Amino acid sequence: PMTRWLPFPSAAAALFAMWLLLNERVGAGVVLLGGVLALRAAQSLLTLELPKIRLRRPIAAAKLLLVVFREIVRSNNAVARIILGRKQRTSGFVRIPMDMRNPYGLAALACIITSTPGTLWVEYESAGNTILIHVLDLVDEEEWVRTIKNLYESRLMEIFE
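Quantities reported herein were computed from a predicted structural model and do not represent experimental measurements. (Residues numbered from 1 in each chain as written. Predicted model: local features only at pLDDT ≥ 70, side-chain atom pairs only at ≥ 80, totals over all residues. Heavy atoms only, no water.)

Draft legend 1. Layout of the side chain of Thr 116. Tracing the chain through its elements places Thr 116 in the loop between α5 (103-115) and β2 (119-125). Accessibility expressed as a relative area gives 6% for Thr 116, which makes it buried. Aside from chain neighbours lying at most four places away, what touches Thr 116 is Glu 71, Ile 72, Ser 75 and Tyr 152. (Helix = DSSP H or I, 4+ residues; strand = E, 2+ residues; numbered from the N terminus. Buried < 20%, exposed > 50% of the residue type's maximum accessible area, 1.4 Å probe, protein only. Contact = heavy atoms within 4.5 Å.)

So this is what it looks like as structure tokens:
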């Protein structure tokens, strides 16, 4: 069947498109090599044995995207003020206990935190189900815990669990 040699067609297509963009030309060799690499990379995803994804609430996902966009804009402004020297900063690390264990939800949270200027996902400790983040402008650790849990984790749990 088709799923045997092309188990993740969208991943293969995205990898192939990226290959062509990175090579900045379209020749027979580039297309052939890119196609082979994209197919093999997509097939290698089968070895990961990913759990089935179940997106329960697409409206909640759309709302989360709006929240993330708003927070990215707000954080860009805050980081710009820090960089332009208008505000002193104290950076630091915050350990946050998590209720969510869904791997897709945690991956989405890692992307959200890391794509928000001024914050970075550092590690996930599965034994204690905690994450460690770095904050460029750390004023109140408890505020960061509340922000991550209320703004992101609760919404991601609604979407993925």
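Still more ground to cover, so stick around.
Draft legend 2. Structural context of the environment of Phe 69. Along the chain, Phe 69 turns up in helix α4 (residues 58-83). Taking relative accessible area as the criterion, Phe 69 reaches 55% and is therefore assigned exposed. Residues Phe 69 and Ala 11 lie 58 residues apart in sequence; the distance between their C-alpha atoms is 25 Å.

Draft legend 3. Representation of the pattern of salt bridges. A full pass over the atoms with the stated rule returns seven salt bridges. A salt bridge links Glu 143 to Arg 146; its shortest N-O distance comes to 2.8 Å. Here Glu 143 pairs with Arg 146, and both are found in helix α6 (residues 141-160), just three residues apart, close to one helical turn. In this structure Glu 143 comes out as partly exposed when scored by relative accessible area, which is 38%. Salt bridges linked by common partners bring Arg 70, Glu 71 and Arg 74 together as one network. (Salt bridge = Lys/Arg side-chain N within 4 Å of Asp/Glu carboxyl O.)

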